[in-house]
Amino acid sequence: MRTPLFTTVLACAALALAASTQAQTVYRIVGPDGKVSFSDQPPPPASKAKVTTAAPGGGSAVSASLPFELKEVVQRYPVTLYTSANCSPCASARNLLNSRGVPFTERTVNSSDDAEALQRISGGTNLPVGTIGSQQLKGFSDVEWTQYLDAAAYPKTSVLPASYKQPAPRPLVASKAATEPAPAAPTVQDAPAQQPIDTSNNPRGIQF
């Protein structure tokens, strides 16, 4: 027969397991060829890939200053918006999220590497693309995006504190200059000893 104490311990262990599952680490992997992928498992050391960790869901904009109810929604259904410059539908999607006070991560698609990464993520290159948790939205429809935000229980009007600052947009693929170490400074070597110039046919010793 299970005692109340045993039941309590079992329940706490289950909650801890659920919390650890939600907070599972996501690894951002840049291969030797520059290709970017995401996995819940780190690559083997022999792969020579550069590895960084990202927040679950591709990098959520969770902040300690968020109201408790909103923070719970953001942790369960993080929002990521993929945009590019001079994209009117992208601006419309961004405006909808901002007007509802939805914290989100914005990733920009401006280079060929970004476009290839977007192709792997969404199966296409049309923008905008949004993710709400595991749900992916392609293109922008005010009605569709509103329905999914409502289903995720995001507030209809902003409850963000006045001090909240939306994270700055970041490229979908980090530039090679940002991921590769700076080249080592050239070492100073002694100048080779200058050989004496034969001036037998050049009495004035003129050099060119």
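The structure presented is a predicted model; accordingly, all values stated were derived computationally and were not measured.

## Comments concerning the packing of aromatic side chains
Per the counting criterion, the structure on display carries one aromatic pair. Summarising the aromatic geometry, the rings of Phe140 and Trp145 are spaced 5.4 Å apart at their centres and angled 65° between planes, so their arrangement reads as edge-to-face.

## Things to note about helix H4 (residues 112-122)
In an α-helix there are 3.6 residues to a turn, and that puts residues three or four apart on one side. Within H4 the residues assigned to the buried category are Asp114, Ala117, Leu118 and Ser122. Seen along its axis, H4 keeps its buried residues to an arc of 115°; they face one direction. On the buried face of H4, the contacting elements are strand E4 (79-83), strand E5 (104-108), strand E6 (129-132), strand E7 (135-138) and strand E8 (170-171). Of the residues flanking the end of H4, it is Gly123, one or two places downstream, whose phi is positive at about 85°.

## Some remarks on the sheet that holds E8
Paired through backbone hydrogen bonds, the strands of a sheet run either parallel or antiparallel to each other. Spatially, five strands are ordered E7-E6-E4-E5-E8 in an open sheet, and the strand pairing comes out mixed. Each of the sheet's edge strands pairs with one partner strand only, and the pair in question is E7 and E8.

## Some points on the state of the cysteines
This structure, assessed with the given rule, holds one disulfide. Paired through a disulfide, Cys87 and Cys90 show a sulfur-sulfur distance of 2.2 Å. One disulfide, between Cys87 and Cys90, carries an S-S torsion of 75° and so falls in the right-handed class. Neither residue differs from the other here; Cys87 and Cys90 are each classed as buried.

## A closer look at the packing of helix H3 (residues 88-100) against helix H5 (residues 142-151)
Where H3 contacts H5, the two axes come as close as 11 Å, and the packing angle between them is 35°. When the axes of H3 and H5 are compared, the crossing they make is right-handed. When H3 is examined against H5, the residues Ala93, Leu96, Leu97 and Arg100 are found in contact with a partner set consisting of Asp142, Trp145, Thr146, Leu149 and Asp150. For the contact of H3 with H5, a count of residues per class yields five nonpolar, one polar and three charged.

## Looking at unusual backbone geometry
A cis amide bond links Leu127 to the next residue, Pro128, at an omega of 0°. Turning to its location among the elements, Pro128 is positioned in the loop between H4 and E6. Not every positive phi belongs to a glycine, and Ala153 is a case in point at roughly 75°. Relative to the elements of secondary structure, Ala153 occurs in the loop between H5 and E8.

## What to know about the environment of Gly101
The residue Gly101 is located in the loop between H3 and E5 in this model. Overall, the relative accessible area of 2% leaves Gly101 in the buried class. As a C-alpha pair, Gly101 and Tyr164 span 63 residues in sequence and 9.9 Å in three-dimensional space. In contact with Gly101, other than residues within four places in its own chain, are Leu70, Ser158 and Leu160.

## Looking at the confidence of the model for the protein
For the protein, per-residue confidence averages 76 on the pLDDT scale, and 62% of positions sit at 70 or higher. Predicted confidence is poor over residues 4-24, with pLDDT under 50, and the contacts of this stretch with residues over four places away or in other chains come to seven contacts. This stretch, residues 54-61, has a pLDDT under 50; its non-local contacts, to residues over four places away or in other chains, come to 25 contacts.

## Side note on the side chain of Ser122
Take Ser122: it is sitting in helix H4. The buried category is assigned to Ser122, whose relative accessible area is 7%. Every residue in contact with Ser122, bar those within four places of it in the chain, is listed here: Val129, Gln136 and Lys138.

## Re H3
The first and last C-alpha atoms of H3 sit 19 Å apart over 13 residues, in line with the 18 Å expected at 1.5 Å per residue. For H3, the full list of buried residues reads Cys90, Ala93, Leu96, Leu97 and Arg100. One side of H3 holds all its buried residues, which, seen down the axis, span an arc of 125°. More than 90 degrees from the buried face of H3, the exposed residues found are Ser88 and Asn95. Elements in contact with the buried residues of H3: E4, E5 and H5. Trailing H3 by a residue or two, Gly101 shows a phi angle of about 70°, which is positive.

Calculation notes
Residues numbered from 1 in each chain as written. Predicted model: local features only at pLDDT ≥ 70, side-chain atom pairs only at ≥ 80, totals over all residues. Heavy atoms only, no water. Phe/Tyr/Trp six-rings, centres within 6.5 Å; stacked < 30°, edge-to-face > 60°. Buried < 20%, exposed > 50% of the residue type's maximum accessible area, 1.4 Å probe, protein only. Helix = DSSP H or I, 4+ residues; strand = E, 2+ residues; numbered from the N terminus. Arc of directions from axis to C-beta. Contact = heavy atoms within 4.5 Å. Pairing = 2+ DSSP bridges. Disulfide = S-S within 2.5 Å. Axes fitted to C-alpha atoms, helices over the stretch in contact; angles between N-to-C directions. Left-handed = near helix turned anticlockwise from the far one by under 90°. Nonpolar A, V, L, I, M, F, W, Y, C, P; charged D, E, K, R; others polar. pLDDT = per-residue confidence, 0-100. Expected span 1.5 Å × (residues − 1).

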